[in-house]
Structure formats: C-alpha cells, structure tokens
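Residue-level structure breakdown
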Amino acid sequence: MNKTELRALMRTRREDLTFGEKMQASRRLCGRLTRHPFFIKATRVGIYYPNDGEVDVTPVAMPRTVQKYYLPVLPPRGKHRLWFGAYEPGQRLIRDRFGILEPAGFSRVRAEELDLILVPLVAFDRSGGRLGMGGGFYDASLGFLRQRGRVSRTCVIGVAYQFQQIESIPEDHWDVPLHGVVTDEEFIPAGRK
C-alpha cells in the first residue's frame, strides 16, 4: 500500500470513531502523557489543535501547570516551516487556510526553541517512522534534527490511536523520525531504522 492509500484508510478509520470513543482515547492518552518524564521535564511544549479525527491533546494545557504551550501556525503560501504561537485554554483562535485552528494574536517561536513537540499522526511504526497529512510542514520545521553533528534538546513525540500502528512506514529522505509515540494504550520509545 502506498502512502496515499494508507492515508485514506487511516483517516477513514479515525473518522469512524464515535465522539465517546475519541474522548475516552484522549483521556487515556493525556493521562499517560502527563505522567511521562519527557513531559514533566519540558517547559515549552508544542501541541496541536485536533482536526480530521486526530487524538485531542489540548486537555494537557492546563493553566495550573508550569509548562507553556504553543500551537502550530501555518506559514504563508509557498513556505513550509511552521511557527508555534503561544496558547492558553480559552484564548481566541482563528482558522488557517486548511480550516485548522491556530492562535489569532501570538508571540511566535521556532520548533527548535521548544523542549517537546507533539505531532499528530496518520500512521506510525515502532521504529520512529511517521506518516502525516502529506503537506511536509512538520518535516520542514523539524529539519534541524536531521543535521549531522547538531545536538538538540527538542524531543518529538508522535500522537495517535493504537490502531494507527502499522508494520513499516515507507521512508523518504526528508522524513524526520520520531523519538517515540504515545497512544491511547502505550508509550512506544522509537528504535532507529
């Protein structure tokens, strides 16, 4: 199955979940996430606003925590690097050109300025391979992690439902592997291919 077919299959499976199933998965996943050391140690956390049936991670952005949260902000047409805008629950959000919510007025940071980035997945494998929506925005934004000899504190964790795991993701040279995946059933540290 090629990436286009795999995307269509997994997106349909996500959309077929009931509201209750999505809420239950979100609660389990967020509970697992907030207890993990990589989350506890992070002070600047990139999250995302759920779209297209993605697991909702916004419940982790609680005002009582020490973390600061950031949502991806779509770049102008023709550019692919995401910025991340400061986010607090309840603040005004606007829709980008794909209909995804992002901060309206924001102070922006680059991906490499964040300690932890939670990336929504369409599919994943246990080696750190990921399949996103196909726009290349996260790969372009995380390109600094592919640079030889560069040490980065940024940890990239994929977020998915357990059923989105497959045997192996076809890899392209621009793909940025994950440090791990958190699902509604487990945390999977990534082995490298």
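Residues numbered from 1 in each chain as written. Predicted model: local features only at pLDDT ≥ 70, side-chain atom pairs only at ≥ 80, totals over all residues. Heavy atoms only, no water.

Now for helix α1 (residues 3-15). A rise of 1.5 Å per residue sets the reference length of α1, with its 13 residues, at 18 Å; its end C-alpha atoms lie 18 Å apart and thus fit the reference within 8%. What α1 keeps buried is the set K3, L6, R7, M10 and R14. Along α1, the residues classed as buried sweep out an arc of 100° about the axis, all on the same side. Considering only its buried residues, α1 is in contact with α2 (19-35), β8 (123-124) and β9 (130-131). Capping the start of α1 is the job of one residue whose side-chain oxygen sits 3.0 Å from the backbone nitrogen of T4: N2. (Helix = DSSP H or I, 4+ residues; strand = E, 2+ residues; numbered from the N terminus. Expected span 1.5 Å × (residues − 1). Buried < 20%, exposed > 50% of the residue type's maximum accessible area, 1.4 Å probe, protein only. Arc of directions from axis to C-beta. Contact = heavy atoms within 4.5 Å. Polar contact = N/O pair within 3.5 Å; in protein donor to acceptor, adjacent residues only side chain to side chain.)

We now examine the pairing of strand β3 (residues 83-87). Here strand β2 (residues 68-73) runs beside β3; their pairing, made up of five bridges, is antiparallel. Bridged to V73 within β3 is W83. Here β3 runs beside strand β6 (residues 108-109); their pairing, made up of two bridges, is antiparallel. Looking at β6, one finds that F84 is bridged to V109. (Pairing = 2+ DSSP bridges.)

The next thing to look at is the pattern of salt bridges. Counted under the stated rule, the structure contains eight salt bridges. Note that R110 is salt-bridged to E112, the shortest N-O span being 3.2 Å. Residue E112 is classed as buried on the basis of its relative accessible area of 18%. Taking the shortest distance from any N to any O, the salt bridge between R153 and D115 comes out at 2.6 Å. Here R153 is found in the loop between α4 (137-141) and β10 (155-159), whereas its partner D115 is found in the loop between β6 and β7 (116-120), with 38 residues between them in sequence. (Salt bridge = Lys/Arg side-chain N within 4 Å of Asp/Glu carboxyl O.)

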